[in-house]
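Geometric and topological summary
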Amino acid sequence: MIKETRNSTGTSDGPGDFLDHAIADMQTEQFLTEELVVNLMFSLLYGSFHGVSTGITLIVNFISAHPSVLDELQTEHRAILERRESTNHTLNWDEYRSMKLTHEIGEHLRWAAKDLQSQQVGRYCLCTALLISTLILTRIHSFSIRGVGRKQELDSFEISKNSRPFGGGMRQCVGAKYTKAVLAVFIHVLVTKNRWTKLRGHVLYNPKAGFGEGMHIKGTPPPGCKGLPLIGETLQLIQPSYSSGVHPFIKERVRKYGPIFRTNLAGRHVVVSTDPQFNNYILHQEGTLVELWYMDALSKLLALDGEARVNALGAVHKYGRGITLSHFGTESLKQSLLTQIEEMVGRTLSIWSNQESVELQYSSASMIFKLNTKFMFGHNFAKSLEKIGEKLIKSKPSAFSFPLNIPGTEYHNFLKEQKKLKDSLRNMIKERRNSTGTSDGPGDLLDHAIADMQIEQFLTEELVVNLIFAVLYASFETISTGITLIVDFISAHPSVLDELLAEHGAILERREDARHTLNWDEYRSMKFTHQVINEALRLGNIVSGLLRRVLKDIQTNGFTIPAGWVILLVHSAPHFDADTYQDPLIFNPWRWKELDSSKISKTFRPFGGGTRQCAGAEYAKAVLAVFMHVLVTKYRWTKVRGQVVYNPVVGFGEGVHIKVSDRT
């Protein structure tokens, strides 16, 4: 580096740095050879990292053993933060100089002169020798709150003669102030932003200060309870609740521990957060601090691990989002999907009207499965998947169930049907790739993916199969839940039904030809319908929480969330904020006329947020709106039985059953 810098005609990438300074001095100082400069820099580097790290370790060890010292340090450093005009400010010189107690702690790492042996000091060179020897070749006799305070009582003249942690005379360490600053700033950040626990280790003297196998500490996780071995607090979480709002399991722990707490669910360490700011931060750390995740049962079903995992960021995420928007986005809805959705809903409701009653979520999920497979693969292939789809829907596992692949369990049955579906997809991919013609659904999603496999190296057959399955599963599960919630809410609120009838009746009256199907302008004109959808999604919380797996340790409010843990972001908690939603537990679609859109955009996120904002959000809302349009204009219904259950994911127990009849 010295040769490169000396031979360079320009400046280094760090003009004016230590190396530049030394190289410039070599031109004027004959004694300053290249070898001497190298030795100087090595001595400085070694002395500083070894000495300062030892000082940090000693300080943390002593504070860990003396809670009263920690209390007073926190008081001192919080006072510094409170005096600032802006929370964005960083530490300045005046604040640093005001740290009286902090500096006393640094000074009272007192070393006994009798432990310093001249021959040991002589092993090190130049100014760093004293830094190393004073911080490493040491023995600390005592450390206590009285020891810290004694500095105020000691005679400064006596101290100057007896307390020389950085050497004295000609060899007084020139890095003393820097070292003390590093120690003080470390303490400042440590006690204001972090908590820690000492795991093991102690100070050894032989005669140097050392730490044997090391001084080990860990960040303190958020407060909470681990629950029972293996199952943790899973049983408490899945206790059913029959009212909207944040689940009692979460509310009770928020009251006890605060908005961020830890628990153990289905064998996993989980941190639950109802803090909107923290949740928003985490949503924007995808790929750096966290990654998309589900609990073990669903993560294995949705292929969130392995080479063909669908939750990877970068090319995979961009591709999955892009192809979904291409086939289910706004332009596709305008051009053809809206009409096809209306036709499918019409046929389905006609079948329902001839049945004694229907279980709404299962029947809706079957409809959505047929609809989406048709859009993705074409009519013929979609038809061949209907029986597999029905079994898949019936056997879907709970989000918080254990992934026990044992015959007779829902999980085992789901895996069987999933394998059949994936095998069918693989066969269809092979058939289409080997075909010289086009499929029965040219330009469908599967054709699109197969074409892309020729040009995108990352796009393997297995990844395409996993992506398609994830889209299918997410769509039939969430949209069918939305339909069930909306119908259940409307059934209990006749005034909402009356206004829906008026809005959709007006759409039909404005048509020149009664045979026309829904168009985009009519869909966009359904103001009250969209208010009903928003209110149902707010109260029902189809996706009550978002799961992220921690990739790197995360610091928040002084706590540490370790890598490998899972964070459950209860992004639905703000949906019940009384400051935003008056009487938040009441179903009131009319409230959406007056809500502040800028405030709502930050608190109402039924389709997730950050980089994982649902690509199918517009499609889902369109299906819900079209379903309501056909239902209220052509049919009547009566709720037979069933109720909404939260445990904590929204569900319907034995199902919400309705009787559908023709309006005419």
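Residues numbered from 1 in each chain as written. Predicted model: local features only at pLDDT ≥ 70, side-chain atom pairs only at ≥ 80, totals over all residues. Heavy atoms only, no water.

1. Brief notes about the overall build of the protein chain
Definition in use: What counts as a helix is a DSSP run of H or I of at least four residues, what counts as a strand is a run of E of at least two, and both are numbered from the N terminus. Burial status follows relative accessibility: with a 1.4 Å probe on protein chains alone, a residue under 20% of its type maximum counts as buried, one over 50% as exposed, and anything between as partly exposed.
Within the protein chain, the regular secondary structure consists of 28 helices and 16 strands. By the burial criterion, 50% of the 664 residues in the protein chain qualify as buried.

2. Looking at the pattern of salt bridges
Where we set the bar: Salt bridges are defined by distance alone: a side-chain nitrogen of Lys or Arg within 4 Å of a carboxyl oxygen of Asp or Glu.
One pass over the full model with this rule turns up 21 salt bridges. Here arginine 253 and glutamate 252 are joined by a salt bridge, their closest N and O atoms 3.8 Å apart. We note a salt bridge from arginine 511 to glutamate 522, for which the minimum N-O separation is 3.0 Å. Residue arginine 511 is found in the loop between α24 (494-509) and α25 (520-524), and its partner glutamate 522 is found in helix α25; the two are separated by eleven residues along the sequence. We classify arginine 511 as buried; its relative accessible area is 12%.

3. Overview of the sheet that holds strand β8 (residues 358-359)
To keep it simple, the criterion reads: Pairs of strands are assigned from DSSP output, requiring at least two bridges between the strands. When checking whether two residues touch, look at their non-hydrogen atoms; a contact exists if any pair is within 4.5 Å. Here, axes are lines fitted to C-alpha atoms. For helices the fit covers the stretch in contact, and angles between N-to-C directions go from 0 to 180 degrees.
With antiparallel pairing, three strands are arranged side by side in an open sheet as β8-β16-β13. Edge strands, defined here as strands with exactly one partner in the open sheet, are β8 and β13 (635-641). With six bridges connecting them, β13 and strand β16 (residues 657-662) associate as antiparallel partners. Bridge pairing links lysine 639 to isoleucine 658 in β16. Seen against the sheet, helix α28 (residues 617-634) touches β13 and β16 and runs at an angle of roughly 100 degrees to β13.

4. Overview of empty space enclosed by the protein
Summary: where empty space remains is shown by rolling a probe the size of a single water molecule over the atoms. Using the following cut-off: Of the grid points, spaced at 1 Å and generated over the protein atoms alone, those admitting a 1.4 Å probe that cannot get out make up cavities, while open sets with protein on both sides within 12 Å along at least five of seven lines make up pockets; any residue with an atom within 4 Å of a point is treated as lining. Grid points are joined across faces, edges and corners, and a volume is the space filled by probe spheres set on the points. In this classification, Asp, Glu, Lys and Arg are treated as charged, Ala, Val, Leu, Ile, Met, Phe, Trp, Tyr, Cys and Pro as nonpolar, and every other residue, Gly included, as polar.
On inspection of all chains with the given rule, the structure shows four cavities of 30 Å³ or more. The volume enclosed by the largest cavity comes to roughly 70 Å³. Surrounding the largest cavity, Tyr319, Gly320, Ile323, Thr324, Met376, Leu445, Ala449, Val464, Leu467, Ile468 and Val471 form its lining. Among the secondary structure elements, those contributing two or more residues to the lining of the largest cavity are α16 (315-328), α22 (445-453) and α23 (461-491). The residue inventory of the lining of the largest cavity, partitioned by class, reads nine nonpolar, two polar and no charged.

5. Let's talk about the packing of aromatic side chains
Worth spelling out the cut-off: Classification of ring pairs uses Phe, Tyr and Trp, with its six-membered ring standing for Trp, and accepts pairs whose centres are within 6.5 Å; under 30 degrees between planes counts as stacked, over 60 as edge-to-face, and the remaining range as tilted. Here, a charge over a ring is recorded when the distance from Lys NZ or Arg CZ to the ring centre is within 6 Å and its angle to the ring normal is within 35 degrees.
The full count for this structure, using the stated rule, is 17 aromatic pairs. Summarising the aromatic geometry, the rings of phenylalanine 42 and tyrosine 46 are spaced 6.2 Å apart at their centres and angled 20 degrees between planes, so their arrangement reads as stacked. Of this pair, phenylalanine 42 and tyrosine 46 both sit in helix α3 (residues 34-65), separated by four residues, roughly a single helical turn. Look at tyrosine 46 and you get partly exposed, because its relative accessible area is 27%. Between phenylalanine 377 and phenylalanine 381, the aromatic rings sit 5.3 Å apart at their centres with planes inclined by 65 degrees, giving edge-to-face as the arrangement. Comparing phenylalanine 377 with phenylalanine 381, the two get one shared label, buried. Site record: aromatic cluster; members linked through ring pairs are Phe369, Phe469, Tyr473 and Phe476. Positioned above the aromatic ring of phenylalanine 559, the side-chain terminus of arginine 195 is 3.9 Å from the ring centre. Stacked on the ring of phenylalanine 469, the Lys or Arg lysine 422 has its end atom at 5.6 Å from the ring centre.

6. With respect to α22
Heads up, the condition is: We define a polar contact as two N or O atoms separated by no more than 3.5 Å, with the added condition that, inside protein, one atom must be a possible hydrogen donor and the other a possible acceptor, whereas residues neighbouring each other in sequence contribute only through side-chain atom pairs.
For α22, the tally of buried residues reaches seven of nine residues, placing the bulk of the element in the interior. Of the positions making up α22, those classed as buried are Leu445, Leu446, Asp447, Ala449, Ile450, Asp452 and Met453. The inward-facing, buried residues of α22 contact α16, α18 (360-377), α21 (410-434) and α23. The N-cap residue of α22 is aspartate 444: its side-chain oxygen and the backbone nitrogen of leucine 446 are 3.2 Å apart.

7. Here's the deal with the nonpolar core
Filter applied, for reference: For this analysis, a nonpolar core means a set of buried residues of the types Ala, Val, Leu, Ile, Met, Phe, Trp, Tyr and Cys, connected via side-chain atoms within 4.5 Å.
One finds Ile341, Phe377, Ile468, Val532, Tyr619 and Phe627 to be the most contacted residues of the largest nonpolar core, which totals 111 residues. Counting residues per element, this core draws most heavily on α23, which supplies 16 residues. If near-sequence neighbours (up to four positions away) are discounted, tyrosine 619 is found in contact with Phe328, Leu333, Leu337, Ile341, Leu371, Asn372, Phe375 and Ile479.

8. Here we look at the packing of α18 against helix α20 (residues 386-394)
Let me state the cut-off plainly: Our angle categories are set so that under 35 degrees counts as roughly parallel, over 145 as roughly antiparallel, 65 to 115 as roughly perpendicular, and the remainder as oblique. Whether a crossing is left-handed or right-handed is set by the direction in which the near helix is turned from the far one by less than a right angle, anticlockwise for left-handed and clockwise for right-handed.
Look at α18 against α20: their axes get within 10 Å of each other, and the N-to-C directions meet at 140 degrees. By the angle between their directions, the pair α18 and α20 is classed as oblique. Where α18 crosses over α20, the handedness of that crossing is right-handed. Together, Tyr362, Ala365, Ser366, Phe369 and Lys370 of α18 and Glu386, Gly389, Glu390, Ile393 and Lys394 of α20 make up the contact between the two elements.

9. Some words on the environment of lysine 256
Along the chain, lysine 256 falls in helix α13 (residues 248-257). Separated by 32 residues in the primary sequence, lysine 256 and glycine 224 have C-alpha atoms spaced 8.6 Å apart.

10. Some details on unusual backbone geometry
Of note in this structure, asparagine 557 is not a glycine but carries a positive phi near 55 degrees. Along the polypeptide, asparagine 557 turns up in the loop between β10 (554-556) and β11 (559-561).

11. Focus: the pairing of strand β6 (residues 268-273)
Burial of β6 is extensive: five of the six residues sit out of reach of the surface. Relative to β6, strand β5 (residues 260-265) runs antiparallel, the two being bridged by six bridges. From the neighbouring strand, threonine 263 faces β6, where its bridge partner is valine 270. Sheet analysis places β6 next to strand β12 (residues 566-569), joined by four bridges and oriented parallel. Counterpart to valine 270 in the pairing with β12 is valine 566.

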